[in-house]
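# Descriptive analysis of the structure
Chain by chain, the residues run as shown.
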Amino acid sequence: MSKELYQKITSDKPFFIVGPCVMESMDLLHTVAKELVAIKNELDVEIIFKSSFDKANRTSASAKRGPGLEEGKEWLQEIKTAYDLSVTTDVHESYQPKLLEDVVDIMQIPAFLCRQTDLLLAAAETGKIVNIKKAQFLSGEDMLYPCQKVVQAGNKQVLLTERGNMYGYNNLVVDFRNIPDMLQHGFPVIMDCTHSVQRPGGAGGKTGGNREFVPGMALAAKAFGANGYFIETHPNPDEAWSDGPNQLYLKDLRDLIKKLI
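Residues numbered from 1 in each chain as written. Predicted model: local features only at pLDDT ≥ 70, side-chain atom pairs only at ≥ 80, totals over all residues. Heavy atoms only, no water.

This part is about helix 1 (residues 2-9). Listed as buried for helix 1 are S2, L5, Y6 and I9. Projected down its long axis, helix 1 shows its buried positions confined to an angular sector of 100°, all on one face. Residues of helix 1 that are exposed and point more than 90 degrees away from the buried face comprise K3, E4 and Q7. Check the buried side of helix 1 and you find it contacts strand 1 (15-19), strand 2 (46-50), strand 4 (106-109), strand 5 (129-133) and strand 6 (158-162). (Buried < 20%, exposed > 50% of the residue type's maximum accessible area, 1.4 Å probe, protein only. Helix = DSSP H or I, 4+ residues; strand = E, 2+ residues; numbered from the N terminus. Arc of directions from axis to C-beta. Contact = heavy atoms within 4.5 Å.)

What follows is the structure, encoded as structure tokens:
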């Protein structure tokens, strides 16, 4: 399945990784997945469902994190079976990829962890696609080295994701030159259109952001040659457990994807 999926997303057509930031409930996952399938069928685009079973790097200790690995794995399997969607989720520790490999099609490496050698090797050894998000403190050129770790472990199914760089405190800026820089490594490059508009830790113990800039980030990335787009979405983002200010309203997703294809 992963090899077929990687062939699809390395074609000339753009692809999309989309879903709610964190697994809040099965009702939420079903609501989003139904819309993703409708868009996928209508527009003939590849959409991979994304949601996190654990937000392990929340700003505050009191923030909700998700259902955990075992329950989250069951929820992903239900979505995958019910809607025939490929699925991805974050892995944070080196023991997790092995436990998820029978469900997850793309192992996503969080930006803060993209240099964690044991995590990269464990993800690579599953034989699944490995999506490495670029750290907020690295350049596109620096991402050659995480790629090499995965490839040297025998896995050439790599994706790279741009998500901005720290610009002082509580702010990110996107240098779109990172997209062509990462393309030189020989792997598809994704634009994270929602995390790139974050104001990290800038909302009094939680992360703020500016979702109104999400379409502009996506269109600018298209101009710089991005192959895919990562978009977190929610029916009611202001009520979301995590990254609400950055998530796109689910009702606005179809129109944005139309512009990108």
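A full pass over the atoms with the stated rule returns 2 aromatic pairs. Centre to centre, the rings of F16 and Y229 are 5.5 Å apart; their planes meet at 25°, and the pair counts as stacked. With F16 in strand 1 and Y229 in strand 12 (residues 228-234), this residue pair connects regions lying 213 residues apart in the sequence. For F16, a relative accessible area of 0% translates into the label buried. You can call Y229 buried: its relative accessible area is 1%. Summarising the aromatic geometry, the rings of F176 and F224 are spaced 5.6 Å apart at their centres and angled 25° between planes, so their arrangement reads as stacked. Taken as a pair, F176 in the loop between strand 8 (172-173) and helix 7 (178-183) and F224 in the loop between helix 8 (214-223) and strand 12 lie far apart in primary sequence, 48 residues in all. Under the relative-accessibility criterion, F176 is labelled buried at 15%. Lying across the ring of F230, K133 places its NZ or CZ 4.1 Å from the centre. (Phe/Tyr/Trp six-rings, centres within 6.5 Å; stacked < 30°, edge-to-face > 60°. Lys NZ or Arg CZ within 6 Å of the ring centre and 35° of its normal.)

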